[in-house]
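Close look at the chain arrangement
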Amino acid sequence: MRTLQVTISSMEQTALIPHLFRTEYRKIVSVLCKLFGIDHIEIAEDIVSDTFLLASELWGLKGLPENPAAWLYTVAKNKTKDYLKRNTLFAQNISKEIKYTTTTSEEIEIDLSVKNINDSQLAMMFVVCHPCNAPEAQIGLALNLLCGFGVDEIASAFLTNKTVIYKRLQRAKEKLRIEKIKIEQPTTTEINDRLPAVLMTLYLLFNEGYYSASQDITLRKDLCLEAMRLTYMLIENEQLNKPAANALLSLMCFHSSRFDSRLNQQGEIVLYQDQDTARWNQELIEKGEYFLNQASEGDTLSKYHLEAGIAYWHTIKADTVNKWENILQLYNHLLLIEYSPIAALNRTYALAKARTKKEAIIEAEKINLTGNHLYHSLLGELYMSIDNTKAIAHFNNALTLTHSTADKTLINKKIQLCEQPIK
Amino acid sequence: MKDFLLIFRTDIAAMPKRSPEEMQANTKRWMDWIGGIAAQNKLTDRGNRLMLTGKVLNPGNVIADGPYSEIKESIIGYSIVKANTEEEATELAKDCPILAAGGNVEIREISVL
């Protein structure tokens, strides 16, 4: 079986460099941040950015070096040493904090061994996902520090402007400094206390890519793949290889298996029931099943387990009552753990598929989410062929409530279907 | 919105013996009903079922095997729902599967201490 990382890499049609940049950026930044401490993460970022700038200039001219990662490490090390030489005061300060190094700056060890890279990355994950920052700030930090995304890209993913993101990142970093968050290997207690927050950030990061209204498909896919890489990193660590983390990764695999079939050649959304199942990525579905099995150890049932279960049933191609009955029951359980409008709406859709549209209409009208365009889309869908006038009225409501062009195109198609005389 | 306690009662002695399949179908009916309430964001606490046996302690340390020694119907479980009025809470209880099985639901507003 190919590793998940190989699968992820094969999903990326992009060249070696952007991929290498993202993963290596995260590694080197983490090591340097851990070395310098939370007060100086910007210096670490600057050194790594300089390194990558030099790489893109030189590699563009001379071609790739034999071992690009090793090249990056050497350059980053040298740049760090130069920086420490030029800023002796800074060097003295950080060497005071670092107990295991000797006093002179020249001898500060920049440890880019596999073990230290892994330890540093995990330590940074726990810093980035620290609950002292709001979730959207955590996602921003994760993209910035762990995935090497620039302010431009993050702004584009969040559909906002650069200034907003820049300020958000600055404030989040400042917050970490004020709270004196230490960049260190989390203890067993910290892992148990804070892993849920880390998983939540990764879950939101994935959703940002999967459900974002941003038109930039490549960027959205990138977000999903990065979330998967980071979750995989947790699982690779013995202490963090928990059922909930496996369930989350399973969920991500199942969802991303449909990434390519969700959009047509015009970049429009293709609804689940209209997707070409041949385009579902079988390899990712298998990975999802593998991680779901891993997740079933122990006796915890997280919302990720239930969502992975729902996503699993969606990978079954045959449209049977049994399939939808299972999905319905999983949504029932999910809603008992945590209410969300989207789960309420999806539950009602599953009810229509498992039972009857009429039963689902009664339940849908009780949900009463009249300000939500998806609510009206669902009712429109349910009333289709039962009462087309009502269906059209609901679709029109949905049209006035959504701002997304992709949604509007889809809804207009549905209205056309309703208006067609029955042959 | 206020919280209402739904108390499910039935005559345990009259409860039909069910096959595993029927029990599973019954669980599904309960899940569909409670899931429907949760989908309206009106579930405070799904509550619990109660074991069918128990004790009733009376003054003077008189202990009876309960809980159904004096009344025919006993409490078999409870849930807590959110509603604006007693009528709304009663509306939520209307599809409770216990009704189809000959039991009843008592709806009581929780008076917070």
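Residues numbered from 1 in each chain as written. Chains lettered and ligands numbered in written order. Predicted model: local features only at pLDDT ≥ 70, side-chain atom pairs only at ≥ 80, totals over all residues. Heavy atoms only, no water.

1. As for the sheet that holds strand S2 (residues 43–49) of chain B
Residues and elements named next belong to chain B. One open sheet holds the 4 strands; their spatial order is S2-S5-S1-S6, and the pairing between them is antiparallel. At either end of the open sheet lies a strand with only one pairing partner, and these are S2 and strand S6 (104–109). When strand polarity is set aside, the average angle formed by the axes of neighbouring strands in this sheet is 20 degrees. The sheet contact formed by strand S1 (residues 2–10) and S6 spans 6 bridges and is antiparallel. Its bridge partner lying in S6, Phe8 is registered against Val105. (Pairing = 2+ DSSP bridges. Helix = DSSP H or I, 4+ residues; strand = E, 2+ residues; numbered from the N terminus. Axes fitted to C-alpha atoms, helices over the stretch in contact; angles between N-to-C directions.)

2. Overview of the UniProt feature "domain: RNA polymerase sigma-70 region" (unreviewed entry) in chain A
Following the UniProt record, one finds the feature "domain: RNA polymerase sigma-70 region" (unreviewed entry) at residues 20–87 of chain A. Annotation note: span residues 20–87 of chain A, helix share 85%, strand share 0%, distance between end C-alpha atoms 30 Å. (UniProt positions renumbered as here; feature names shortened; annotations may be inferred.)

3. Quick notes on unusual backbone geometry
All names here are of chain A. Positive phi, close to 55 degrees, is recorded for Asn368, a residue that is not glycine. Checked against the element boundaries, Asn368 lands in the loop between helix H17 (357–367) and helix H18 (373–383). Phi angles above zero are rare outside glycine, and Ser385 is one such case at about 70 degrees.

4. Some words on the nonpolar core
If you look at the biggest cluster of nonpolar residues, it comprises 154 residues, and the most contacted ones within it are A:Leu32, A:Phe36, A:Met125, A:Leu143, A:Met228, A:Leu234 and A:Leu249. It is helix H11 (residues 217–236) of chain A that contributes the most residues to this core, 11 residues altogether. (Core = buried A, V, L, I, M, F, W, Y, C linked by side-chain atoms within 4.5 Å. Buried < 20%, exposed > 50% of the residue type's maximum accessible area, 1.4 Å probe, protein only.)

5. Looking at the environment of A:Ala318
Assignment of secondary structure puts A:Ala318 in the loop between helix H14 (303–314) and helix H15 (321–337). With 41 residues separating them along the chain, A:Ala318 and A:Thr277 place their C-alpha atoms 10.0 Å apart.

6. Quick word on the pattern of salt bridges
Residues and elements named next belong to chain A. Inspection of the entire model under this criterion finds 27 salt bridges over all chains. The residue Lys173 makes a salt bridge to Glu45 at a minimum N-O spacing of 2.9 Å. Of this pair, Lys173 sits in helix H9 (residues 162–178) while Glu45 is found in helix H3 (residues 41–62), placing the two residues 128 residues apart along the sequence. Per residue, the accessibility class of Lys173 equals that of Glu45, and both read buried. For the salt bridge of Asp260 with Lys221, the shortest nitrogen-to-oxygen distance reads 3.2 Å. You can see Asp260 sitting in the loop between helix H12 (243–256) and helix H13 (282–295) and its partner Lys221 sitting in helix H11, a full 39 residues away along the chain. Judged by its relative accessible area of 37%, Asp260 is partly exposed. (Salt bridge = Lys/Arg side-chain N within 4 Å of Asp/Glu carboxyl O.)

7. Let's talk about the interface of chain A and chain B
In this assembly, 14 residues from chain A lie in contact with 13 residues from chain B. Summed over both partners, the interface of chain A with chain B comes to about 1200 Å²; 58% of that surface belongs to carbon and sulfur atoms. Across the contact surface, chain A and chain B share 3 salt bridges. Measuring nitrogen to oxygen at the nearest pair gives 3.3 Å for the salt bridge that ties B:Asp95 to A:Lys366. Inspection of the region where chain A meets chain B yields 6 residue pairs in polar contact (both at pLDDT 80 or more). Counting residues per element, the ones that place at least two in the side of chain A that touches chain B are H15, helix H16 (341–354) and H17 of chain A. The element contributing the most residues to the side of chain A that touches chain B is H15(A), with 7 residues. Class assignment of the residues belonging to the side of chain A that touches chain B gives a composition of 6 nonpolar, 3 polar and 5 charged. (Contact = heavy atoms within 4.5 Å. Buried area = accessible area lost by both parts, 1.4 Å probe. Polar contact = N/O pair within 3.5 Å; in protein donor to acceptor, adjacent residues only side chain to side chain. Nonpolar A, V, L, I, M, F, W, Y, C, P; charged D, E, K, R; others polar.)

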